[in-house]
Amino acid sequence: MGQGLRTVVGISLQAKEQAFGVLFLGTPDSRRFTAAELRLLLALGHQIGMAVENSYLVQQSARRSEELHMLNEIGRALSSTLDPEALFETILSELKRLVDVNHFYIALHDPRAQRNPF
């Protein structure tokens, strides 16, 4: 009402069984949408929903690809270096790229350093 709209129609944006949102269309005129217009709007809502779902799938696929790349790089570092510092640098570099962290900590167990704390 505050926008001066007299007719508003809401179209569900969905793909398959998952709804992603609602598309609202409004007009200041008082009118009824025809059956053909409503079918067109429903088809449009379905197409937009499919585009959103495809976007999510592409993002998930890219994320999985990054994860596999990171695991591959760490695996290569594990098999090609005996230097723990170089290995940890590779792990940190890959983690920074994947999960946006600046620091990580690995606690190593040294049985020779075990002391009775009491």
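Residues numbered from 1 in each chain as written. Predicted model: local features only at pLDDT ≥ 70, side-chain atom pairs only at ≥ 80, totals over all residues. Heavy atoms only, no water.

Undergrad: I'm lost on the overall build of the protein chain in this one. Help?
TA: Helix and strand content of the protein chain: two helices and two strands. Reading the helices (α) and strands (β) of the protein chain from amino to carboxyl end gives β-β-α-α. Compactness check: the protein chain gives a C-alpha radius of gyration of 27 Å against a globular reference of 13 Å for 118 residues, more than 25% above the reference. For the protein chain, the spread of C-alpha atoms along the principal axes amounts to about 85 × 35 × 20 Å. Split into buried and exposed, the 118 residues of the protein chain put 16% on the buried side. (Helix = DSSP H or I, 4+ residues; strand = E, 2+ residues; numbered from the N terminus. Rg over C-alpha atoms; globule rule 2.2 N^0.38 Å. Buried < 20%, exposed > 50% of the residue type's maximum accessible area, 1.4 Å probe, protein only.)

Undergrad: Even after reading the chapter, I still don't get the packing of aromatic side chains, so can you show me in this structure?
TA: Both the distance between ring centres and the angle between the ring planes are used here to describe each pair of aromatic rings. Taken as a whole and assessed by the stated rule, the structure comprises one aromatic pair. Between Phe 20 and Tyr 56, the ring centres sit 5.5 Å apart and the planes meet at 55 degrees, which makes this aromatic pair tilted. Residue Phe 20 is found in strand β2 (residues 18-27), and its partner Tyr 56 is found in helix α1 (residues 35-80); the two are separated by 36 residues along the sequence. A cation sits over an aromatic face here: Arg 31 above Phe 33, 4.5 Å from the ring centre. (Phe/Tyr/Trp six-rings, centres within 6.5 Å; stacked < 30°, edge-to-face > 60°. Lys NZ or Arg CZ within 6 Å of the ring centre and 35° of its normal.)

Undergrad: Sorry, what's going on with a nonpolar patch on the surface here?
TA: The grouping of Leu 5, Val 8, Val 22 and Phe 24 at the surface amounts to a nonpolar patch, some 380 Å² of accessible area in total. Classification of Phe 24 as exposed rests on a relative accessible area of 60%. (Patch = residues over 30% accessible without salt bridge, like charges linked within 9 Å, V, L, I, M, F, W, Y side chains within 5 Å. Areas by Shrake-Rupley, 256 points an atom, 1.4 Å probe, with all protein chains shown as cover. Salt bridge = Lys/Arg side-chain N within 4 Å of Asp/Glu carboxyl O.)

Undergrad: Please explain the confidence of the model for the protein chain as it appears in this structure.
TA: When pLDDT is averaged along the protein chain, the result is 82; 95% of the residues meet or exceed 70. Averaged pLDDT values over the elements of the protein chain bottom out at 78 in helix α2 (residues 84-99) and peak at 88 in α1. (pLDDT = per-residue confidence, 0-100.)

Undergrad: Any chance you could explain α1 here in plain terms?
TA: The periodicity of an α-helix, 3.6 residues per turn, causes residues three or four positions apart to be oriented the same way. Over its 46 residues, α1 runs 67 Å from end to end, which matches the ideal 68 Å to within 8%, given 1.5 Å per residue. Taken together, the buried positions of α1 are occupied by Leu 41, Gly 45, Gly 49, Glu 53, Met 70, Glu 73, Ile 74 and Ala 77. Lining the buried residues of α1 we find β1 (7-15), β2 and α2. (Expected span 1.5 Å × (residues − 1). Contact = heavy atoms within 4.5 Å.)

Undergrad: What am I meant to see in the packing of α1 against α2 here?
TA: The relative placement of two packed helices is expressed as an angle between their axes plus a distance between the axes. Two elements in contact, α1 and α2, have axes separated by 9 Å at closest approach and are oriented at 175 degrees. As far as their axial angle goes, α2 and α1 are roughly antiparallel. Two secondary-structure elements touch here, α1 through Arg 63, Glu 66, Glu 67, His 69, Met 70, Glu 73, Ile 74, Ala 77 and Leu 78 and α2 through Leu 87, Thr 90, Ile 91, Glu 94, Leu 95, Arg 97, Leu 98 and Val 99. (Axes fitted to C-alpha atoms, helices over the stretch in contact; angles between N-to-C directions. Parallel < 35°, antiparallel > 145°, perpendicular 65-115°, else oblique.)

Undergrad: Honestly, the nonpolar core in this entry has me stumped. Any pointers?
TA: General note: in soluble globular proteins, nonpolar side chains tend to be found buried as a group. One finds Met 70, Ile 74, Ala 77, Leu 87, Ile 91 and Leu 98 forming the largest nonpolar core, which totals six residues. Non-local contacts of Met 70, meaning those with residues more than four positions away in its chain, are made with Glu 94, Leu 95 and Leu 98. (Core = buried A, V, L, I, M, F, W, Y, C linked by side-chain atoms within 4.5 Å.)

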